[in-house]
Amino acid sequence: MYANQCCVMDFEPMDIMLRPSVSNDAPALEKLFLQLGYEINRTEIQKKTSMLAGMPGTRMIVAEMDTKVVGFISLQILHWPHVINPVSRITTLVIDEQWRGKGVGSKMISHVEKLAISDGCSLMEVTSAAHRAEGGTHNFYHQLGYRNAVNETTYFRKNLGK
């Protein structure tokens, strides 16, 4: 959500329909992912979403306005051996550029938070690339009650080829 658009809504939030993502959503997801800079084609998206759809603890949801896909969110429930309750993680959130700042992302996050709670989770994690702070993404998460966990954990990466 952009800082200057924190509360702008041109429609009733109930106009946003959330539903499970299906393979026919791949063309719309291709466009959404490209807006985030991820160049993955619809065939690969169909393969990935089909694989993920069969994994326990994984949910993929789209937001629709007038039958047009305007958002996508994926949630994974993780069972760690050293933590009693499962942990939930938002692994993808993208809202069409034309719909950002209008309540779509907030509604999607609220929905997956409820799903995570129903699965016994007491913690939700989400990562966001550092460069997304400039566009307001980090402020969006802060406004929804998420905190920067930089003093609690460190995120490491290692390329494994390819």
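Residue positions are given per chain, counting from 1 as you read along its sequence in written order. For a predicted model such as this one, the threshold for reporting local features is a pLDDT of at least 70, and the threshold for listing and counting side-chain atom pairs is 80 or more; totals across whole chains, interfaces and linings nevertheless cover every residue. Computation of side-chain values covers all heavy atoms of the structure but excludes hydrogens and water.

S.K.: Explain the pairing of strand β2 (residues 58–65) to me, please; I cannot follow it from the model alone.
M.R.: Walk down a regular strand and you will see the side chains alternate between the two sheet faces. Counted residue by residue, β2 has seven buried out of eight residues, so it is predominantly covered. Two strands qualify as a pair provided that DSSP identifies no fewer than 2 bridges between them. Secondary structure follows DSSP: runs of H or I at least 4 residues long count as helices, runs of E at least 2 residues long count as strands, and numbering of each begins at the N terminus. As defined by bridge partners, β2 adjoins strand β3 (residues 68–78) across eight bridges and the pair is classed as antiparallel. When the bridges of β3 are listed, Ala-63 appears paired with Gly-71. Hairpin connection of β2 to β3: two residues between the antiparallel strands, including Asp-66 at a positive phi of 50 degrees. Buried, partly exposed and exposed residues are distinguished by accessible area as a fraction of the type maximum, computed with a 1.4 Å probe on protein chains only: under 20%, between the cut-offs, and over 50%, respectively.

S.K.: Looking at this model, I keep getting lost on the side chain of Arg-19. Mind explaining?
M.R.: Summarising the element assignment, Arg-19 is placed in strand β1 (residues 17–20). Residue classification places Arg-19 among the buried residues on the basis of a relative accessible area of 18%. Polar contacts, as counted here, are pairs of nitrogen or oxygen atoms within 3.5 Å of one another; within protein the pair requires one atom able to donate a hydrogen and one able to accept it, and residues that are adjacent in sequence qualify only if both atoms are side-chain atoms. Of the polar contacts made by the side chain of Arg-19, one reaches the side chain of Asp-25; its length is 2.6 Å. Contact criterion: two residues are considered in contact whenever any of their non-hydrogen atoms come within 4.5 Å of each other. With residues up to four places along the chain from it excluded, the contact list for Arg-19 reads Asp-25, Met-60, Ile-61, Val-62, Glu-64 and Val-69.

S.K.: In this structure, what is going on with helix α3 (residues 104–118)? I would like to understand it.
M.R.: For an α-helix the count is 3.6 residues per turn, leaving residues at separations of three or four pointing the same way. Compared with an ideal rise of 1.5 Å per residue, which puts 15 residues at 21 Å, α3 spans 22 Å between its outermost C-alpha atoms and is within 8% of the ideal. Taken together, the buried positions of α3 are Val-104, Gly-105, Met-108, Ile-109, Val-112, Leu-115 and Ala-116. What you see down the axis of α3 is that its buried residues fit within an arc of 120 degrees, all on one side. In α3, the exposed residues that point more than 90 degrees away from the buried face are Lys-114, Ile-117 and Ser-118. One fewer than the residue count of a helix, multiplied by 1.5 Å, yields its expected span. This arc corresponds to the set of directions leading from the helix axis out to the C-beta atoms.

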